[in-house]
Amino acid sequence: MQVKDQLKGRDFLTLMDFSIEELTYILDLAQNFKKNKNPMDDSIKDLPLRTIAMIFEKQSTRTRFSFQVAAAQLGMQSFFATPDSMQLSRGEPIKDTARVLDRYCDGLVLRTFSQKTLEQYALNMKNPVINALSDLTHPCQGLADLLTIKEHTGRLHNLNLTYVGDPWNVCHSLMIACSLFGINISIAIPKGWSPDETIIDFSTKSAQKQESSLQITSNLKDALKEADIVYTNTFHSMGHKDIEERKKAFKLYQINKKTLSYAKEAAIFMHCLPGYRGEEMTDEVIEGSQSVVLDQAENRMYIEKAILSSCVK
Ligand code: CP
Ligand code: NVA
């Protein structure tokens, strides 16, 4: 079976569910969308008849707009709602919501807290469910990050990426993406904090992965040594209540002019956004010549377009 046929109708819940070949296909398609605004081939010519539901339990700027613009550019229609405007907030079960939306729409893009919620929707829908961020993973961001890295370094191998920030969804998707594509990743976090064990296991032991290393250290300078990519993220994520405790714990992990200089001179600076200047990075760094954060945000749209056109039947 061809890769594009393997992807049709598939849920997009985590990058761990896909082979390197399938993810490469999506990345190449996204790159093609970026080069040529409207490539029309057999896989996308039926999409003008398609519709997607979008349910977001958390705030979003990039994911929401990039999916809606991507859908519109493919000629699809998207319908956005938050749970408080739906019968979900009055206790309607997920399985009923999922089965009803499945009768109207050709897919669901869902931003939620628990990965289990995504799985519950997927179980009750024949059409694909796409993860627009959960607490565990942010696979669309992970792919847009790979696309940005490829554009700026010319490759997806023989690279060292250092991640500094909350060891949460974005960190997890990067760990998965880096292990699959053979990028060495070093995570700098204070003692007592750790990424999820299942993701550490995947990144170190999965049969799917390519040769790459994972280092988790509390020493920022060590983690940044030889970095080709410096990736930072907020110290506190959506839904966290312990904001002040986190700011205190991560205080010494700011990427500023001095700490960025520990990386290679040609290193690029990445951030999934939204970011807090003065916390995880300084204004000087995010606005500086090494920063590629806007390309990264732009690439979300091409990735969403590639995911929609690959997975929606
Ligand atoms: N990076 C990202 O997912 O941004 P939003 O929360 O704005 O969607
Ligand atoms: N870690 C962040 C990512 C936002 C895109 C959060 O979940 O809030």
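Thresholds, definitions, all that
What you see as residue numbers is a count from 1 along each chain, following the sequence as written. By the order in which they are written, chains take letters starting at A while ligands take numbers starting at 1. Per-residue local features are limited, in this predicted model, to residues with pLDDT of at least 70; the limit for side-chain atom pairs, both in listing and counting, is 80 or more; totals at the level of whole chains, interfaces and linings are taken over all residues. Side-chain calculation: all heavy atoms of the structure are included, whereas hydrogens and water are not. One bridge is not enough; two strands pair if DSSP finds at least two bridges between them. Elements are defined by DSSP. Helices are runs of H or I of four residues or more, strands are runs of E of two residues or more, and each kind is numbered from the N terminus. Lines fitted to the C-alpha atoms define the axes, with helices restricted to the stretch that makes contact. Angles between their N-to-C directions range from 0 to 180 degrees. For each residue, the accessible area found with a 1.4 Å probe, counting protein chains only, is set against the maximum for its type, and the residue is called buried under 20%, exposed over 50%, and partly exposed in between. Contacts between residues were defined by any pair of non-hydrogen atoms, one from each residue, lying within 4.5 Å. Whenever a nitrogen or oxygen atom comes within 3.5 Å of another N or O atom, the pair is scored as a polar contact, on the condition that within protein one atom can donate a hydrogen and the other can accept it, and that pairs from neighbouring residues in sequence are kept only if both atoms are in side chains. As annotated, the domain borders come from an automatic or database domain assignment. Buried area: the accessible surface (1.4 Å probe) lost by two parts on joining, summed over both. Any Lys or Arg side-chain nitrogen found within 4 Å of a carboxyl oxygen on Asp or Glu counts as a salt bridge. Nonpolar residues are Ala, Val, Leu, Ile, Met, Phe, Trp, Tyr, Cys and Pro. Charged residues are Asp, Glu, Lys and Arg, and all others, Gly as well, are polar. In this text, near means that some heavy atom of the residue lies within 4 Å of the molecule or strand in question. Note that accessible areas follow from Shrake-Rupley with a 1.4 Å probe, and for residues the cover is restricted to the protein chains shown. An expected span of 1.5 Å times one less than the residue number is assigned to each helix. The arc in question is traced by the directions running from the helix axis to the C-beta atoms.

Attention shifts here to the sheet that holds strand β1 (residues 51–56). Strand pairs in the sheet, formed through backbone hydrogen bonds, run parallel or antiparallel to each other. On the basis of which strands lie adjacent, the open sheet formed by four strands has the order β2-β1-β3-β4 and parallel pairing. Each end of this open sheet is capped by a strand with a single partner; those strands are β2 (77–81) and β4 (129–131). For this sheet, the mean angle separating the axes of adjacent strands, direction not counted, is 20°.

By the element assignment, T162 lies in strand β5 (residues 160–164). Given the relative accessible area of 1%, T162 is considered buried. The residues contacting T162, other than those within four sequence positions of it, are S186, A223, L224, A227, I229, V230 and Y231. At 2.7 Å, the side chain of T162 forms a polar contact with the backbone oxygen of A223.

Turning our eyes to something else, we now look at the domain arrangement of the protein. The domain boundaries assigned to the protein delineate domain 1 (3–137 + 298–311) and domain 2 (141–296). Relative placement of domain 1 and domain 2: their C-alpha centres are 25 Å apart. Residue-level contacts link 29 residues of domain 1 with 31 residues of domain 2. Summed over both partners, the interface of domain 1 with domain 2 comes to about 2,500 Å²; 65% of that surface belongs to carbon and sulfur atoms. There are two salt bridges connecting domain 1 and domain 2. The partner of K34 in a salt bridge is E151, with the nearest N and O atoms 2.9 Å apart. At the junction of domain 1 with domain 2, the criterion picks out 16 residue pairs in polar contact (both at pLDDT 80 or more). At the level of elements, α2 (20–35) and α13 (293–311) are the ones that each hand at least two residues to the side of domain 1 that touches domain 2. The element best represented in the side of domain 1 that touches domain 2 is α2, accounting for nine residues. Here the side of domain 1 that touches domain 2 is composed, by residue class, of 14 nonpolar, seven polar and eight charged.

Turning next to the site of ligand 1. Taken together, S60, T61, R62, T63, R111, H138, Q141, C272, L273 and R300 make up the full set of residues near ligand 1. A distance of 2.8 Å is found between an oxygen atom of ligand 1 and a side-chain nitrogen or oxygen belonging to H138. One nitrogen or oxygen atom from the side chain of Q141 is found 3.0 Å from a nitrogen atom belonging to ligand 1. Relative to its unbound accessible area of 260 Å², ligand 1 is 95% covered by the protein chains. In terms of residue class, the shell around ligand 1 is built from two nonpolar, five polar and three charged. Viewed by domain, the shell around ligand 1 spans two of them, domain 1 (3–137 + 298–311) and domain 2 (141–296), each represented by three or more residues.

The end-to-end C-alpha distance of α2, which contains 16 residues, comes to 22 Å, matching closely the 22 Å that a straight helix rising 1.5 Å per residue would cover. What α2 keeps buried is the set E22, L23, I26, L27, L29, A30 and F33. Along the long axis of α2, the arc covered by the buried residues comes to 160°, so they all point the same way. Structural note: α2 exposes E21 and K35 on the side pointing more than 90 degrees away from its buried face.

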